[in-house]
Amino acid sequence: MPTARELATFLQADLAGDPEVDVRDVGAIDSAKAGDAVFALDAKYLALAEQGPAAVVVVPRALSSAHKTLLRVDDARLSFARLVEKFRPVERPLPGIHATAVVSREARVAKTASVGAFAVVEAGAEVGERAVVGPHCVLGARAAVGDDTVLAANVTIYRECRLGARCLVHAGVVVGSDGFGFTPDAKGNHVKVPQVGNVVVGDDVEIGANTTIDRATLGSTTIGDGTKLDNLVQVGHNCRIGKRVIVASQVGLSGSVTVCDGAILLGQSGYAGHLTIGERAIVMPQSGISGDVPPGTAMFGSPAVPRMERERIWLASRKLPELLKRVKALEKKLGGE
Amino acid sequence: MPTARELATFLQADLAGDPEVDVRDVGAIDSAKAGDAVFALDAKYLALAEQGPAAVVVVPRALSSAHKTLLRVDDARLSFARLVEKFRPVERPLPGIHATAVVSREARVAKTASVGAFAVVEAGAEVGERAVVGPHCVLGARAAVGDDTVLAANVTIYRECRLGARCLVHAGVVVGSDGFGFTPDAKGNHVKVPQVGNVVVGDDVEIGANTTIDRATLGSTTIGDGTKLDNLVQVGHNCRIGKRVIVASQVGLSGSVTVCDGAILLGQSGYAGHLTIGERAIVMPQSGISGDVPPGTAMFGSPAVPRMERERIWLASRKLPELLKRVKALEKKLGGE
Amino acid sequence: MPTARELATFLQADLAGDPEVDVRDVGAIDSAKAGDAVFALDAKYLALAEQGPAAVVVVPRALSSAHKTLLRVDDARLSFARLVEKFRPVERPLPGIHATAVVSREARVAKTASVGAFAVVEAGAEVGERAVVGPHCVLGARAAVGDDTVLAANVTIYRECRLGARCLVHAGVVVGSDGFGFTPDAKGNHVKVPQVGNVVVGDDVEIGANTTIDRATLGSTTIGDGTKLDNLVQVGHNCRIGKRVIVASQVGLSGSVTVCDGAILLGQSGYAGHLTIGERAIVMPQSGISGDVPPGTAMFGSPAVPRMERERIWLASRKLPELLKRVKALEKKLGGE
């Protein structure tokens, strides 16, 4: 069990209080147990932590306490994340191919990789060093997952789709299903446009449970380094998602949307095809985007407009029933209509 | 083949008409076949049933018919549900572990439980009495499913997540994927906040196909007894969903949302983080909730306001194009601007 | 490697330019390589193609070029789709049942069908000629897939559900999960309404990744011939979807919705129960439909109204903050209130 002093060294923290207190685990302020390390971002949360049994509190450098031992750091959230990793390391399965897995002789699986029960790795597929292909995952022909990438369970990577290094792909994810492309024939039938491109995912990407990413019609659907997708997201064919983009749950991107680096797409927002979302743009939840979004802009509403305009319209809308009465009163005064 | 009389006894129904008529099956009014039992909630539907070939009609006690044998009950829908169960009992697989399943020696599987083809049950996992782990389900390390709980197929329960008794979990469900938590480092990269909590699901919970429930960052994401989630629902990390809550399809809950007992969240509605939805509150479809909802309140719209206000705003909005003209006319009259 | 002349014959195209140029592959205008065939729907795209290295351009008959060999056709998109199929034929797995698959002796699997690794085919299920049941798919008891239908991977077809011929079902799809039906008992518990119907899917239907289609309470949920569903769509119990319907990603249909032939339901739109969407109606993205939609009508917004009305309301809404000021000015002029 490490002491507060040892954790202070580990985090390069400024220790205030008892350096010898033992820290047993990490906890949340509202459910901490004796011996836990918790974190507090401001004085209000620190006051809550002081009332609980936590042994130490990770706080921003400016805070102080007469009651608890503090670990004062530059970024309390980041430091606490490091503590959680220390106290609760993620279990990785042992390297090797499970006896039940079906791995093509023409696949290349690194010796240090782990391939789980009932996994299927087809011809020409590649699994990188220390990568984990979880139980029931399917890696199609010539697909690839990079070093240290983890596919949780029940993940389907279609043929020729490629994931980079250190990605984390949650259960039920589908990468490389066909784009939704049809063209009418003379009789009004929807003739399938063959979807023969692929998906290329960069490094350090996280993909949430049951999210779907369609392959490109031709070329590649791409997801840039460090981008994070939440659960149940839809990425259409030929989308180009940049680096460090955040895509919250249930967002839906039509085909050929470009999302530039650092953009934030909040929950349930939707995007028409062939748009560009500028760098560091923010799209508020449930917004509907039908045109390009300039860099750095916050958009809101369905249809979406800049957030400030949307809020002005909304505030005015709430006065609308009363406005109708006021206009009626004016009309009466003027003897009109 | 039971007679109407026997069914009346079974349902504690008041029989009106021919007690000896044989009932062969259950059916819907619009597609009933001869010999079917159907149900009608009011005189209008009973009239429809009278035109069809049904042998008996389950109705509220107040109704009567000159043409059909009736089973008059307190709650026609509930009684009919019991008839359906009687005529079309759900098949349960036989107890035992399928030859192809991979079950850890360190797992505890009840003798009366059924573990299907290619199921994976990892170390420390528990499967209760008469529980069913369907084909291709994965039960992670130290996960648990209670007595009589059914996991349909392709269900993934991550490590340490627990389901109570008599739950029904449909295909493709993911319980215990990581919450969507990142914190920026100095370079603007999204550093993962480790997600080391779990999910605890109560008794009598139904979870619809491809729904995802994220594990807590620390502590537990909880779903209360008797709550029902439809398909493609997203439940974020650390949500606390109460008892007998209804969550319709494609609802999205951000992290740390509290939903109190008996609330009803309708289709495609979305919830920002850290909110509380009061007891028996109703959220209308596609609503966007960004603040607490008081108990018993009906909310509507994106952004959501009390339903009556939203409807007043909407009615007024439809007059808005005309209102613009009326104001212009007034301005003209006044010689203004 | 075919020449332009050979491709012109194949497409019944009118060739303009060098008939002997070799065509190596198909490509997109913005990423074409030397030797590629690309397509251009109008003069603007043709100009782009002329600047690239493509060997031939498939274009509408009206276009001409001084720089590139053209294949002039009636429908450039359709002809190009045929070229893509020619150059990049989809690999089909070999016929036969994989050694690891679990196929009931009481199932009927055509000799020409392919059943993949770890597939489960239960008693009474049927697999048609040349059909493909991909790895990890589950075909429940008495379920059926027609001739030439492909289930990609991790697809779950519940008991008794039937798919027609030439369907394409993407990874993670669930067909036949229970409808979301409950009725309250005297204590306020949600009692399950048994879901004992099935799902019947016609011919030439495509179903996108992780889409869910619930079985009927009684009778059948139906999807008509030639209908295409995108990813993450929810189809409730007892829906009746007609022929050649387009359902874009993340659309949600409540129970008992009727969608008539040729309708187009765009992304994230939602539908209350028991509605009818008329033939060739179009529902714009994110719209919320709570009443019947007449044939051929375009609906927009949440709540949805005819598209033109919605756009008028929206344009007027943007003037609302200013309108408030104008009314205030009028009131001031009139010395009112």
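Residues numbered from 1 in each chain as written. Chains lettered and ligands numbered in written order. Predicted model: local features only at pLDDT ≥ 70, side-chain atom pairs only at ≥ 80, totals over all residues. Heavy atoms only, no water.

Draft legend 1. Spatial organisation of the relation of the copies chain C and chain A. Overlaying chain C with chain A gives an RMSD of 0.1 Å, the required rotation being 120° about an axis along which the chain moves by 0.0 Å. One copy is carried onto the other by what is essentially a three-fold rotation axis. (Least-squares fit on C-alpha atoms with pLDDT ≥ 70 in both.)

Draft legend 2. Representation of the interface of chain C and chain A within the structure. Listed per partner, the contact involves 56 residues of chain C and 66 residues of chain A. Surface buried jointly by chain C and chain A totals about 4,600 Å² across both partners, of which 65% is contributed by carbon and sulfur atoms. On the surface where chain C and chain A come into contact, there are 4 salt bridges. The salt bridge involving Arg318 of chain C is made with Glu309 of chain A; its shortest N-O contact spans 2.8 Å. If you look at where chain C meets chain A, you find 27 residue pairs in polar contact (both at pLDDT 80 or more). If you list the elements that add at least two residues to the side of chain C that touches chain A, you get α3 (76–87), β26 (228–229), β29 (246–247), α4 (307–318) and α5 (320–333) of chain C. No other element matches the 8 residues that α5 of chain C contributes to the side of chain C that touches chain A. The residue inventory of the side of chain C that touches chain A, partitioned by class, reads 27 nonpolar, 16 polar and 13 charged. (Contact = heavy atoms within 4.5 Å. Buried area = accessible area lost by both parts, 1.4 Å probe. Salt bridge = Lys/Arg side-chain N within 4 Å of Asp/Glu carboxyl O. Polar contact = N/O pair within 3.5 Å; in protein donor to acceptor, adjacent residues only side chain to side chain. Helix = DSSP H or I, 4+ residues; strand = E, 2+ residues; numbered from the N terminus. Nonpolar A, V, L, I, M, F, W, Y, C, P; charged D, E, K, R; others polar.)

Draft legend 3. Structural detail: the interface of chain B and chain C. Counting from both sides, the interface comprises 56 residues of chain B and, opposite them, 67 residues of chain C. The interface formed by chain B and chain C holds 4 salt bridges in total. The tally of links from chain B across to chain C stands at 26 residue pairs in polar contact (both at pLDDT 80 or more). Elements represented by at least two residues in the side of chain B that touches chain C include exactly α3 (76–87), β26 (228–229), β29 (246–247), α4 (307–318) and α5 (320–333) of chain B. Broken down by element, the side of chain B that touches chain C gets its largest block of residues, 8 residues, from α5 of chain B.

Draft legend 4. Here's a closer look at the sheet that holds strand β34 (residues 276–277) of chain C. Residue and element names in this part refer to chain C. Strand order in this open sheet of 9 strands is β8-β11-β14-β17-β22-β25-β28-β31-β34, and the pairing throughout is parallel. Whereas interior strands pair on both sides, the edge strands pair on one side only; in this sheet they are β8 (108–109) and β34. With 4 bridges joining them, strand β22 (residues 198–201) and strand β25 (residues 220–223) adopt parallel strand pairing. Its bridge partner lying in β25, Asn198 is registered against Ser220. (Pairing = 2+ DSSP bridges.)

Draft legend 5. Representation of the pairing of strand β4 (residues 56–60) of chain B in the model. All names here are of chain B. For β4, the tally of buried residues reaches 4 of 5 residues, placing the bulk of the element in the interior. By the bridge criterion, 3 bridges tie strand β3 (residues 36–39) to β4 in an arrangement that is parallel. Across the sheet, residue Phe39 finds its bridge partner in β4, namely Val58. Examined bridge by bridge, β4 and strand β5 (residues 69–73) share 5 bridges and lie parallel to one another. Along β5, the bridge assignment pairs Val57 with Leu70. (Buried < 20%, exposed > 50% of the residue type's maximum accessible area, 1.4 Å probe, protein only.)

Draft legend 6. How the structure looks around the side chain of Lys68 of chain B. Residues and elements named next belong to chain B. Positionally, Lys68 belongs in the loop between β4 and β5. Put simply, Lys68 is tucked away with no salt bridge, and the nearest opposite charge, on Glu50, sits 8.5 Å away. Once you skip the residues sitting within four places of it in the chain, Lys68 turns out to touch Ala16, Ala49, Glu50, Gly52, Pro53, Ala54 and Val57. (Lys, Arg positive; Asp, Glu negative; His and termini not counted.)

Draft legend 7. Quick peek at the sheet that holds strand β24 (residues 212–214) of chain A. All names here are of chain A. Strand order in the open sheet formed by 10 strands is β7-β10-β13-β16-β19-β24-β27-β30-β33-β36, with parallel pairing between adjacent strands. Sheet topology places β7 (102–103) and β36 (288–289) at the edges, where each strand pairs with a single neighbour. Here β7 runs beside strand β10 (residues 120–121); their pairing, made up of 2 bridges, is parallel. What sits directly across from Val102, in β10, is Val120.

Draft legend 8. Seen up close, the packing of aromatic side chains. Under the defined criterion, the tally for this structure stands at 9 aromatic pairs over all chains. Relative to Phe182 of chain A, the ring of Phe180 of chain A has its centre 5.1 Å away and its plane inclined at 80°; by these criteria the two rings are edge-to-face. Judged by relative accessible area, which is 18%, Phe182 of chain A ranks as buried. An angle of 75° between the planes, with centres 5.2 Å apart, marks the rings of Phe118 of chain B and Phe118 of chain C as edge-to-face. Highlighted residues: Phe118 of chain B in the loop between β9 (114–115) and β10 (120–121) and Phe118 of chain C in the loop between β9 (114–115) and β10 (120–121), drawn from two different chains. (Phe/Tyr/Trp six-rings, centres within 6.5 Å; stacked < 30°, edge-to-face > 60°.)

Draft legend 9. Inspection of helix α1 (residues 4–11) of chain A at higher detail. Residue and element names in this part refer to chain A. Every buried residue belonging to α1 is among Ala4, Leu7, Ala8 and Leu11, and all of these are buried. Looking straight down α1, one finds its buried side chains confined to an arc of 105°; they lie on one side. Tucked into the core, α1 has its buried residues touching β1 (14–16), β4 (56–60), β5 (69–73) and α3 (76–87). Looking one or two places after α1, you find Gln12, whose phi comes out positive at around 55°. (Arc of directions from axis to C-beta.)

Draft legend 10. Region of interest: the pattern of salt bridges. Inspection of every chain in the model, using the stated rule, returns 51 salt bridges over all chains. Note that Arg326 of chain B and Glu331 of chain A form a salt bridge whose closest N and O atoms lie 2.7 Å from each other. Of this pair, Arg326 of chain B sits in helix α5 while Glu331 of chain A sits in helix α5 (residues 320–333), on two different chains. As far as burial versus exposure is concerned, Arg326 of chain B and Glu331 of chain A are alike and both buried. Several salt bridges converge on common partners, so that one network encompasses Glu91 of chain A together with Arg142, Glu160 and Arg215 of chain B.

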